[in-house]
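# Coordinate analysis (summary)
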Amino acid sequence: MEQWEVQTSLGPTEAKENPSSPIVNSSCENLECYMVLTWAEQTAIGSICFLAGPVTFLENALVLAVIAATASLRRRPSYLFIASLALADVFASCFFTTSFLDFHLFRRSDGPTAYLFKLGGVTMAFSSSVGSLLLTALDRYLCIQQASSYKVLLTRRRAALGLLVLWSATALVSFLPLVGWRCPTGLTPPCSRLFPYINRGYLALWTSFALVLLALILCAYALILWKAHRHELTMTGLQGAAGTGQARMRMDIRLARTFGLILIILVGCWLPALSFMLADVSVLLTRAQRRAFAFCSTLCLVNSAVNPLLYALRCRELKVALLQLLRRLRDIGRCRRSTEASALGLPSTGDNNFTAITEDEVPGNRASHLDSVSEMVPSQQPGCRKLEEMKE
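Residues numbered from 1 in each chain as written. Predicted model: local features only at pLDDT ≥ 70, side-chain atom pairs only at ≥ 80, totals over all residues. Heavy atoms only, no water.

### Overview of the overall build of the chain
The helix and strand tally for the chain stands at 14 helices and zero strands. In the chain, the succession of α and β elements from N to C terminus is α-α-α-α-α-α-α-α-α-α-α-α-α-α. Residue burial in the chain is summarised as follows: out of 392 residues, 47% are buried. Partitioning the contacts of the chain with sequence separation of at least 6, the portion at a separation of at least 24 is 77%. (Helix = DSSP H or I, 4+ residues; strand = E, 2+ residues; numbered from the N terminus. Buried < 20%, exposed > 50% of the residue type's maximum accessible area, 1.4 Å probe, protein only. Contact = heavy atoms within 4.5 Å.)

### Focus: the nonpolar core
Core analysis: the largest hydrophobic core is formed by 58 residues, its most contacted members being Phe195, Trp206, Ile217, Tyr221, Trp270 and Met277. Broken down by secondary-structure element, the contributors of at least two residues to this core are helix H3 (39-69), helix H5 (77-105), helix H6 (112-145), helix H9 (200-239), helix H10 (251-282) and helix H11 (287-312). Examining the composition of this core, we find that 11 residues originate from one element, H6, more than from any other. In this structure, Ile67, Leu73, Tyr79 and Leu322 belong to the second largest nonpolar core, which totals 14 residues. (Core = buried A, V, L, I, M, F, W, Y, C linked by side-chain atoms within 4.5 Å.)

### Structural notes on empty space enclosed by the protein
In total, this model carries four cavities of 30 Å³ or more according to the counting rule given. Each pocket or cavity is described by its volume, and for the largest cavity that value is around 610 Å³. If you go around the largest cavity, you meet 35 residues; those closest to its centre are Tyr115, Leu119, Val122, Phe195 and Phe293. Contributing elements (two or more residues each) for the lining of the largest cavity: H5, H6, H9, H10 and H11. Tallying contributions element by element places H6 first for the lining of the largest cavity, with eight residues. When the residues that make up the lining of the largest cavity are grouped by side-chain class, the tally is 23 nonpolar, six polar and six charged. (1 Å grid on protein atoms, 1.4 Å probe; cavity = no way out; pocket = protein on both sides within 12 Å on 5 of 7 lines; lining within 4 Å. Points joined across faces, edges and corners; volume = space filled by probe spheres on them. Nonpolar A, V, L, I, M, F, W, Y, C, P; charged D, E, K, R; others polar.)

### Thoughts on the state of the cysteines
Within this structure, the stated rule accounts for one disulfide. Here Cys183 connects covalently by a disulfide to Cys191, the sulfurs 1.6 Å from one another. As the torsion about the S-S bond is roughly -70°, the Cys183-Cys191 disulfide counts as left-handed. An identical accessibility class is assigned to Cys183 and Cys191; each is buried. (Disulfide = S-S within 2.5 Å.)

### Notes on a nonpolar patch on the surface
A surface patch of nonpolar side chains, about 390 Å² in accessible area, is lined by Leu323, Leu326, Leu329 and Ile332. In this structure, Leu329 sits in helix H12 (residues 316-343). By relative accessible area, Leu329 is classed as exposed at 51%. (Patch = residues over 30% accessible without salt bridge, like charges linked within 9 Å, V, L, I, M, F, W, Y side chains within 5 Å. Areas by Shrake-Rupley, 256 points an atom, 1.4 Å probe, with all protein chains shown as cover. Salt bridge = Lys/Arg side-chain N within 4 Å of Asp/Glu carboxyl O.)

### Comments concerning the pattern of salt bridges
The tally for this structure, following the rule as stated, stands at three salt bridges. Between Arg76 and Glu317 there is a salt bridge, with its nearest N and O atoms 2.7 Å apart. Of the two residues, Arg76 sits in the loop between helix H4 (71-74) and H5 while Glu317 sits in helix H12, which places them 241 residues apart along the sequence. The salt bridge involving Asp102 is made with Lys118; its shortest N-O contact spans 3.2 Å. Of the two residues, Asp102 sits in helix H5 while Lys118 sits in helix H6, which places them 16 residues apart along the sequence. Judged by relative accessible area, Asp102 falls into the buried class, the value being 9%. Given the relative accessible area of 31%, Lys118 is considered partly exposed.

### Overview of the packing of aromatic side chains
Any aromatic ring pair is given by two values, namely how distant the centres are and how the planes are angled relative to each other. On inspection of all chains with the given rule, the structure shows 12 aromatic pairs. Pairing Phe91 with Trp167 gives two aromatic rings, centres 6.1 Å apart and planes at 85°, and the pair type is edge-to-face. Remark: Trp167 occurs in helix H8 (residues 156-174) and Phe91 occurs in helix H5; sequence separation between them is 76 residues. A ring pair is formed by Phe103 and Tyr115, whose centres lie 5.8 Å apart and whose planes are at 55°; its orientation type is tilted. Residue Phe103 is located in helix H5, and its partner Tyr115 is located in helix H6; the two are separated by 12 residues in the primary sequence. Here Phe103 and Tyr115 have matching classes, each one buried. (Phe/Tyr/Trp six-rings, centres within 6.5 Å; stacked < 30°, edge-to-face > 60°.)

### Comments concerning the environment of Val63
Mapped onto the elements of the fold, Val63 is located in helix H3. Linking Val63 and Leu85, residues 22 residues apart in sequence, is a C-alpha distance of 9.7 Å. Apart from the residues within four sequence positions on either side, Val63 is in contact with Ile82, Ala86, Pro308, Ala312, Leu313 and Leu318.

Structure below.
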């Protein structure tokens, strides 16, 4: 920290030519000291954002549309949490892509209020995304741990209240710099070297908050695996060597593979960026390290793009609802074309085959629902449909 107290002998030209020096112009005019990417790096990161941003938006918007259009899914707490995750990732795809490209690619600098508002939106989106992942993990743990009383413990009202608390807390934490907890200068302490106007104390607070959420997610999935392993040992003892365990892979092994994939992606996408943030709190990051952080931060957007594939589109019920929605849209299109053809006096090719398909009339709709957790833990979990999608 003594380097910050030394009066710099570099002139403005020398400081610009040697931006990796820990002693730079503290005024940081137009935030240029934070625009560390080279042209090649801007091209690479721009390509990642231009690809991952729209994909993330479309995937999560599709999940939201399916849940909103299906009454049976809207009533289930599990799908409320998945909808919250999709909404947070939609916000992340919009806020992060636009603000990140605007700053690092187009090198457009805003005033403190505008910049902190944009950064607060990005922070709230990613915080709510990780928080929704935690609620999803806790929902699955509660389902397998308290299966007999699950529907009583986790009602739709309580799930909505939990989401309200989550979004309120993340919004409060995310916009603290905007309401006053900011750093007025450039790279001089206690300012962050990764984010303009961000105080190191606030950065330490938010990073710790995100790490706690990740740790709780890991603990929840570890407890689920432990519970599944105990159940498999019990069932193996009851069924003997000739039981179904020889015909099918053990449930705890399949869950371990699926949860392992989820956690590897989650930790792999978030831990690099969080590590740089923790380092920024205590040490002086070089220009090369700050460029590496810019790449690592795009992994958080990649995680938002992967979330629908892991948590939503693997669910049988949601896939059935998606097919139903597409079928309704197709039939509505046929009906409109038939109506237009009749109005013009043309022969219709779709009238004889058109049928209004409702959710209850789709063949196999009820049978296609997720297997209950009672099938996974027969003696303890009747009526709880949460983990079958994790078995695949």
